[in-house]
Amino acid sequence: EEDKHLRNNVLAEKVIRELAAAGLDGLETKHQEVVADGATELVMSLADELGLITTGGSDYHAESDYGNGLGVYGTSEEELAALMKRIEEKSAAAKK
């Protein structure tokens, strides 16, 4: 039987690599679906390898949505600082 998780991880990795080559700056690595699929290590190592900033995201839309509360999979202060620095760098480069 085909392993759907493995197939999805291979496809996701291919797409992430393509997006990173096209200028992607960050990757949501802490999310309920990533954690549930056991793919946290994969996406964290891929983000590190590709120099992507990692972020969290609860995908919160309502109290009952997916059974997770607001901010469960948040972005750390360090991740936010890295993201803001990247934005500033790109903004400065665009003005040149």
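In the block above lies the structure referred to throughout.
Everything numeric here is computed off the predicted structure, so don't read it as measured data.

Rules used throughout
- Residues numbered from 1 in each chain as written.
- Predicted model: local features only at pLDDT ≥ 70, side-chain atom pairs only at ≥ 80, totals over all residues.
- Heavy atoms only, no water.
- Helix = DSSP H or I, 4+ residues; strand = E, 2+ residues; numbered from the N terminus.
- Buried < 20%, exposed > 50% of the residue type's maximum accessible area, 1.4 Å probe, protein only.
- Contact = heavy atoms within 4.5 Å.
- Areas by Shrake-Rupley, 256 points an atom, 1.4 Å probe, with all protein chains shown as cover.
- Arc of directions from axis to C-beta.

J.: How would you sum up the overall build of the protein? Please name residues and give values.
T.: Within the protein, the regular secondary structure consists of four helices and two strands. From first element to last, N terminus to C terminus, the protein shows the α and β order α-β-α-α-β-α. Each of the 96 residues in the protein was classed as buried or not, and the buried ones make up 22%. Taking the contacts inside the protein whose residues are at least 6 apart along the sequence as the reference set, 65% of them involve residues at least 24 apart. Split by element, the accessible area of the protein, about 6800 Å² in all, is 56% carbon and sulfur.

J.: Explain the side chain of Thr55 to me, using residue names and the numbers behind them.
T.: Mapped onto the elements, Thr55 comes out in strand β2 (residues 53-56). If we ignore the near neighbours within four places in the chain, the residues touching Thr55 are Leu27, Glu28, Thr29, Lys30, Thr75, Glu79 and Leu83.

J.: Go over the environment of Arg17 with me, naming the residues and quoting the values.
T.: The residue Arg17 is located in helix α1 (residues 4-21) in this model. Sequence separation between Arg17 and Glu49 is 32 residues, and the spatial gap between their C-alpha atoms is 10.0 Å.

J.: Describe in detail helix α3 (residues 40-50), supporting the description with residues and values.
T.: Along α3, the positions that sit buried rather than exposed are Val43, Leu46 and Ala47. Looking straight down α3, one finds its buried side chains confined to an arc of 100°; they lie on one side. Across α3 from its buried face, at more than 90 degrees, point the exposed residues Glu41, Asp48 and Glu49.

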